[in-house]
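Reading the structure
Spelled out from the first residue to the last, the chains are:
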Amino acid sequence: MKRYTARRIAWAGVVALLILTITFVLLELAPDSQLARVQFRAAASGESAEAAADAYARRRGLDGPLWERYLEYLANLASGDWGWSDTRSQPVAEAILTALPYSLMYTVPAVLVSTTLGIAIGLYSAFNQYTKADYAATFVAFFGVSIPNFWFGIVLLLLFAVYLGWVPVLFDAELARTRTFSLANARQLALPVFVLATSAIASTMRYARAEALEYVRAAFVKTARAKGAHEWRVLTRHVLRPTLVPLSTILVGDLLGVVLSASYLVEVVFGIPGLGRLSLEAIRRQDTALVLGTTLVPVFVAVIGNLLQDLAYAVLDPRIEYGDRR
C-alpha cells in the first residue's frame, strides 16, 4: 500500500505539472486584448505602437523568453510564491483565499446533499424497480441531467427573487463574509445550492440505481433474505457496500464537476465572488499568474480526490490488491 501510495502521489505531481504547462502555453498563445488597447492608444496619440508594446511587456515581466519565465514561475511556486496578480494588485494566494470561502459556502452543502439524496433515491429506486416511485425518480434524474445550470438558475431567480421576493436578487458578499452562518446568508445561498444539487443528485442517483440493480437479485442477497435477514441489513450490508466501490469514482467525478464547471456558470448567474468567477475574470483579462493559481486549486482537488478514491477501493472491497500488501 505504501509503495502504491507513493507512486500515485508522484504521478499526481506529473499530471499537475503537465496541466500547468499546457495552461501556461495556451495563455501565451492567446491574443492579449490589453496589449492591443495599449498599442491603439499609442498609435492614436501619435506615439510608436512598438515602443508602447515593449514598455507593456517589460512592465508585466513578459520581455524574457517563454521557457525562462516558465522556469521562474515554477521556482517561485516551489518556494510558496504563487505570483502577483497585475489586474487585482495583490498576491495570487491572497486573491484565491479571499474568493475560496464564497465557493465553499454553496459547493460543500450541494455536494453533501446530492451525495446523500442521490444514493438514497438510487437504492430506493432499485429496490422498487418498475414502480411509480421508480418512474418518478427516473424522470427527476433525466430532468436534472438535461437541464442547463445557467438557464435553470436564471429561471429560479426570476421566479423566487423577482416575482415572489423570497430570496434576494443580488448576492451580498459582505453579508456572507460577516454573517456566514446566519439565516439571511442561507436564504441567498439556497438557489445556488439547489441548482448545483439538482444536476449532481440526478447523476448520482442514476449510477446508484444501475449499480444496485446488479446486487438486488444476486444469489447472496437471496440467501440472506432466505435466512431471515432484515431488509435494512440486506440494504446496508449486502447491497450498499458493493455498490459503493464503483460509486466512489462517480462521487469524485461529481465533486470535480461541481467545482470545475458548474461554479463558473453559477457564480456568474448569481453574482457570487467565488473561485470560478475569479478565474473567469483572470482569463478575460489575461492575468497569467492568477489563471495558473486558480487552475492549481481544482487540480489539487482532483489529485487528492483520485488518490483517496483509489485507496478507498481497498477499504470497500478487500479483494483488491496493490501488490505490496502483506
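Residues numbered from 1 in each chain as written. Predicted model: local features only at pLDDT ≥ 70, side-chain atom pairs only at ≥ 80, totals over all residues. Heavy atoms only, no water.

**Some words on the overall build of the chain**
Applied cut-off: Each helix corresponds to a stretch of at least 4 residues labelled H or I by DSSP, and each strand to a stretch of at least 2 residues labelled E; elements are numbered beginning at the N terminus. Partly exposed describes any residue whose relative accessible area lies between the buried limit of under 20% and the exposed limit of over 50%, with all areas from a 1.4 Å probe on protein chains only and scaled to the type maximum. Two residues form a contact once any of their heavy atoms are found within 4.5 Å. Only the protein chains shown count as covering a residue, and every accessible area follows the Shrake-Rupley method with a 1.4 Å probe. Here the positive residues are Lys and Arg and the negative ones are Asp and Glu; neither His nor the chain ends is included. For charged residues, the charge sits on one atom: NZ in Lys, CZ in Arg, CG in Asp, CD in Glu.
Counting its secondary structure elements, the chain contains 13 helices and 2 strands. Referenced to the eigenvectors of the C-alpha coordinate spread, the extents of the chain come out at roughly 90 × 60 × 35 Å. Burial analysis of the chain (326 residues in total) assigns 40% to the buried set. If you take every contact in the chain between residues at least 6 apart in sequence, the share linking residues at least 24 apart comes to 73%. Of the roughly 18,400 Å² of accessible surface on the chain, a fraction of 67% belongs to carbon and sulfur atoms. Charge centroids of the chain, computed over 30 positive and 25 negative side chains, lie 13 Å from each other.

**A closer look at the pattern of salt bridges**
Defined as follows: Salt bridge, as used here, is a side-chain nitrogen of Lys or Arg placed within 4 Å of a carboxyl oxygen of Asp or Glu.
Evaluated as defined, the whole model comprises 4 salt bridges. With its nearest N and O atoms 2.7 Å apart, the salt bridge here joins R177 to E174. Of this pair, R177 and E174 both sit in helix α8 (residues 173-178), 3 residues apart, which is roughly one turn of that helix. Its relative accessible area of 52% is what places R177 among the exposed residues.

**A word on a negative patch on the surface**
Just so we agree on the cut-off: Within the patch definition used here, like charges are joined within 9 Å and nonpolar side chains (Val, Leu, Ile, Met, Phe, Trp, Tyr) within 5 Å, considering only residues with over 30% relative accessible area and no salt bridge.
A cluster of acidic side chains, namely E50, D54, D63, E68 and E72, defines a negative patch on the protein surface. Those elements that place two or more of their residues in the negative patch are α3 (49-59) and α4 (66-78). Note on placement: E72 falls in helix α4.

**Thoughts on the UniProt feature "transmembrane region" (unreviewed entry) in the chain**
Short version of the rule: UniProt positions are given in the numbering used here, feature names are shortened, and annotations may be inferred rather than shown by experiment.
The UniProt feature table records "transmembrane region" (unreviewed entry) at residues 9-27, 104-127, 139-169, 243-270 and 290-316. Here residues 9-27 is 100% helix and 0% strand, with 27 Å between the C-alpha atoms at its ends. Helix makes up 74% of residues 139-169 and strand 0%. Its end C-alpha atoms lie 30 Å apart.

**Some remarks on the side chain of T294**
Stated precisely, the cut-off is as follows: The definition of a polar contact used here is a pair of N or O atoms within 3.5 Å, where within protein one atom must be able to donate a hydrogen and the other to accept one, and adjacent residues in sequence count solely through side-chain atom pairs.
Within the secondary structure layout, T294 lies in helix α13 (residues 288-316). For T294, the side chain forms a polar contact with the side chain of S279, separated by 3.3 Å. For T294, the side chain forms a polar contact with the main-chain oxygen of V291, separated by 2.9 Å. When residues no more than four places from it in sequence are discounted, the contact partners of T294 are I96, L275, L278 and S279.

**Observations concerning the packing of aromatic side chains**
Filter applied, for reference: For this analysis, a ring pair means two rings from Phe, Tyr or Trp (six-membered ring only for Trp) whose centres lie within 6.5 Å, classed as stacked if their planes differ by under 30 degrees, edge-to-face if by over 60, and tilted for the remaining angles. Charge-over-ring contacts are defined here by two conditions on Lys NZ or Arg CZ: a distance within 6 Å of the ring centre and an angle within 35 degrees of the ring normal.
Taken as a whole and assessed by the stated rule, the structure comprises 7 aromatic pairs. Relative to F152, the ring of F143 has its centre 6.0 Å away and its plane inclined at 90°; by these criteria the two rings are edge-to-face. Centre to centre, the rings of F160 and W166 are 5.6 Å apart; their planes meet at 40°, and the pair counts as tilted. What makes F160 partly exposed here is its relative accessible area of 23%. Three or more aromatic residues joined by ring pairs form one cluster here, namely F24, Y70 and Y73. Between the NZ or CZ atom of R206 and the centre of the ring of Y207, over which it lies, the distance is 5.8 Å.

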